[in-house]
Amino acid sequence: MIYSLIQELLNYGLQKRLIDSSEEIYSRNLLLDVLSLNDWKYEDAKTGRDIEVILLDFCHWATKNNLINDSPAEMELLDTKLMNCITPRPKEVINKFNEDFKISSEKATANYYEFSKNTNYIREARIKRNLHWFSNTPYGNLEITINLAKPEKDPKDIEREKLMPKSSYPNCLLCLENVGYSGRLNHPARQTHRVIPMNLKSENWYFQFSPYVYYNEHSIVFCGEHRPMKINKDTFDRLLEFIEIFPHYCVGSNADLPIVGGSILSHDHYQAGKHVFPMEKAPIENTFTMKNFPEVDCGTIKWPVSVIRISSKDKKTLSKAAEYIFEKWKNYSDESVNILAYTGDIPHNTVTPIARKSGNKYQIDLALRNNRTSSEHPLGIFHPHSEVHNIKKENIGLIEVMGLAILPGRLQEEMTLLEKELKKPDWITTLKENPILNKHYEWIKNIVSKRDETITSDILKEEIGKTFSIVLEHAGVFKRNTLGKKAFKKFTDTL
């Protein structure tokens, strides 16, 4: 069986053009070494199977033959090592990207994306398990995903991790040193990881795809130096420079402060992709002019998060305008709407910037952020409040600011159980006593009171979407009421 599996993986590599016929024996010998085999005999291979199925069969064989423990983490370490045996070396991947780029940047990213899926670096079968739908809200159709792609850690793996020697290599999940790294129980294998070098603002940066893609060609642009996230004029320059290189993409940066920032603040990076986010479709609600930048179109958009949109044909002027707004916002306070720029020397105001091409103009959206906390909202005044924690408790980062919800995997099972629970005549009592579902009690009671119909899975999806729009409203520094709109205009008047 094992020899037919090896041949099947080699045939897959040949079919996907990861290797050619001159490399088949070399790749075979690499596979034999990984599997601790000293012999070879040709056996007919199965055809037409998905790579996930082929690799799972390898892992089952390795478990039975005591090469690995029966654990998800060890299986992932092994299947990545196997795929590396048929994955081209970095220089070959870079050369192919550069050749494609001569034809068009769009062709280069499309082929590189397909390559990343073929090597199983992007685990496409796992990504397809994510739930995805659109929800109609006052801000247009928001995009909702329930994240099922990241596997839960096995308790046995967690225990084994405790016994492992400590390691700080690579420094973080974004560092260049991840390329080719074999991984360990508490750090993913990256032997099939290939990155594309690029130059932004005369610095070494790198382009890669996210292994957990949330949208089409979801990519990461990271600095070659391990340094903290920092929003400044250079950020706007780099985002616009990136868009000039890849005009078919949008690109943005997470904010650089805790609570309103992303999950990795320790390494300067951006996220990009070939995707039209709901926020991009949001219309301009109010226009204004900046005397210092008369050639820049300025406006606020109809969006739950407070966003200023600026556009110009000249990217240098646009970057300066973005810096001007950012510097004004960093030091802006308005106690009437709970906005304080500082507590002592601790800064609270920052932005989540997004750049794109719009027709013949460059465009930047600046989402205004503030990370203050209070006794009423200890996780953040402009963070999802406790009444929506049943749906979303985590930080609102770049992707969600743009209108794509990344919701926890627990919701899949909880919504299925809720639908069943609501069919019981005494659901009000049983739901309140259910340790898994009682977090949804007030939320579902409110839904039932508004709807004179059976609560189905489609209705629950619709309500999740509406709740996500409320989550984003909580993140908005200027609320969508009369007071908030006046306060927003008061700020734009200072520009």
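Residues numbered from 1 in each chain as written. Predicted model: local features only at pLDDT ≥ 70, side-chain atom pairs only at ≥ 80, totals over all residues. Heavy atoms only, no water.

Colleague: Looking at this model, I keep getting lost on the overall build of the protein. Mind explaining?
Modeller: When you go through the protein residue by residue, the secondary structure sums to 16 helices and 15 strands. Since a compact globule built from 495 residues should have a radius of gyration of about 23 Å, the 25 Å found for the protein is in line with a globular shape. Considered along the principal axes of its C-alpha atoms, the protein spans approximately 75 × 65 × 40 Å. By the burial criterion, 55% of the 495 residues in the protein qualify as buried. Partitioning the intrachain contacts of the protein with sequence separation of at least 6 by distance along the chain shows that 64% fall at a separation of at least 24. Of the roughly 23,300 Å² of accessible surface on the protein, a fraction of 49% belongs to carbon and sulfur atoms. Computing the positive centroid from 67 side-chain charges and the negative centroid from 66, the protein places the two 3 Å apart. (Helix = DSSP H or I, 4+ residues; strand = E, 2+ residues; numbered from the N terminus. Rg over C-alpha atoms; globule rule 2.2 N^0.38 Å. Buried < 20%, exposed > 50% of the residue type's maximum accessible area, 1.4 Å probe, protein only. Contact = heavy atoms within 4.5 Å. Areas by Shrake-Rupley, 256 points an atom, 1.4 Å probe, with all protein chains shown as cover. Lys, Arg positive; Asp, Glu negative; His and termini not counted. Charge placed at Lys NZ, Arg CZ, Asp CG, Glu CD.)

Colleague: Even after reading the chapter, I still don't get the side chain of Thr430, so can you show me in this structure?
Modeller: The residue Thr430 is located in helix H13 (residues 427–433) in this model. Here the side chain of Thr430 touches Glu421 through a polar contact of 2.6 Å, side chain to side chain. The residues contacting Thr430, other than those within four sequence positions of it, are Glu421 and Lys424. (Polar contact = N/O pair within 3.5 Å; in protein donor to acceptor, adjacent residues only side chain to side chain.)

Colleague: Sorry if this is basic, but what is going on with helix H15 (residues 457–475) here?
Modeller: Since the α-helix advances by 3.6 residues per turn, residues separated by three or four positions end up pointing in the same direction. End to end, H15 covers 27 Å across 19 residues, agreeing with the expected 27 Å (1.5 Å per residue, within 8%). Regarding H15, the residues found buried are Ile459, Leu460, Glu463, Ile464, Gly465, Thr467, Phe468, Ser469, Val471, Leu472, His474 and Ala475. On the buried face of H15, the contacting elements are strand E1 (131–137), strand E2 (140–146), helix H11 (398–401), strand E15 (404–407), helix H12 (410–421) and helix H14 (441–450). (Expected span 1.5 Å × (residues − 1).)

Colleague: Would you mind showing me how to read the sheet that holds E2 here?
Modeller: Hydrogen bonds along the backbone pair up the strands of a sheet, which may run parallel or antiparallel. The strand order across the open sheet built from three strands is E1-E2-E15, with neighbouring strands paired in mixed fashion. The sheet is open, and its two edges are formed by E1 and E15, each paired on a single side. For this sheet, the mean angle separating the axes of adjacent strands, direction not counted, is 25°. (Pairing = 2+ DSSP bridges. Axes fitted to C-alpha atoms, helices over the stretch in contact; angles between N-to-C directions.)

Colleague: Is there a simple way to explain the packing of H14 against H15 in this structure?
Modeller: The description of two helices packed together rests on the angle between their axes and the distance between the axes. The N-to-C vectors of H14 and H15 enclose an angle of 115°; their axes lie 12 Å apart at closest approach. Taken together, H14 and H15 sit at an angle that is classed as roughly perpendicular. Crossing handedness for the pair H14 and H15: right-handed. In contact with Trp443, Ile444, Ile447 and Lys450 of H14, H15 contributes Leu460, Glu463, Ile464 and Thr467. When its residues are assigned to classes, the contact of H14 with H15 shows five nonpolar, one polar and two charged. (Parallel < 35°, antiparallel > 145°, perpendicular 65-115°, else oblique. Left-handed = near helix turned anticlockwise from the far one by under 90°. Nonpolar A, V, L, I, M, F, W, Y, C, P; charged D, E, K, R; others polar.)

Colleague: Any chance you could explain the packing of aromatic side chains here in plain terms?
Modeller: The description of an aromatic ring pair rests on the distance of the ring centres and on the angle between the ring planes. Within the structure shown, the criterion is met by 29 aromatic pairs. An angle of 70° between the planes, with centres 6.4 Å apart, marks the rings of Tyr139 and Trp303 as edge-to-face. Of the two residues, Tyr139 is situated in the loop between E1 and E2 and Trp303 in the loop between strand E9 (297–301) and strand E10 (307–312); the sequence distance between them amounts to 164 residues. Accessibility assignment for this pair places Tyr139 and Trp303 in one class, buried. Note on Tyr206 and Phe222: the rings are 5.5 Å apart at their centroids and 25° apart in plane angle, and the pair reads as stacked. One end of the pair, Tyr206, is in strand E4 (residues 203–209); the other, Phe222, is in strand E5 (residues 219–223), and 16 residues separate them in sequence. Judged by its relative accessible area of 15%, Tyr206 is buried. Three or more aromatic residues joined by ring pairs form one cluster here, namely Phe97, Phe101, Tyr112, Tyr113, Phe207, Phe209, Phe242, Phe246 and Tyr249. Over the aromatic face of Tyr362 sits the side chain of Lys357, whose NZ or CZ is 4.8 Å from the ring centroid. (Phe/Tyr/Trp six-rings, centres within 6.5 Å; stacked < 30°, edge-to-face > 60°. Lys NZ or Arg CZ within 6 Å of the ring centre and 35° of its normal.)

Colleague: Help me understand the side chain of Thr235, please; the structure alone is not making it clear to me.
Modeller: Checked against the element boundaries, Thr235 lands in helix H9 (residues 233–245). You can call Thr235 buried: its relative accessible area is 0%. In this structure, Thr235 is in contact with Lys230, Ser253, Tyr270 and Pro353, ignoring residues within four places of it in sequence.

Colleague: I would appreciate a short explanation of the sheet that holds strand E6 (residues 250–252) in the present structure.
Modeller: Within the open sheet, the ten strands sit side by side as E3-E4-E5-E7-E6-E13-E14-E10-E9-E8. Their pairing is antiparallel. Across the chains shown, the open sheet's two edge strands, defined by having one partner strand only, are strand E3 (196–200) and strand E8 (284–288). Neighbour-to-neighbour, the strand axes of this sheet turn through a mean angle of 25°, independent of strand direction.

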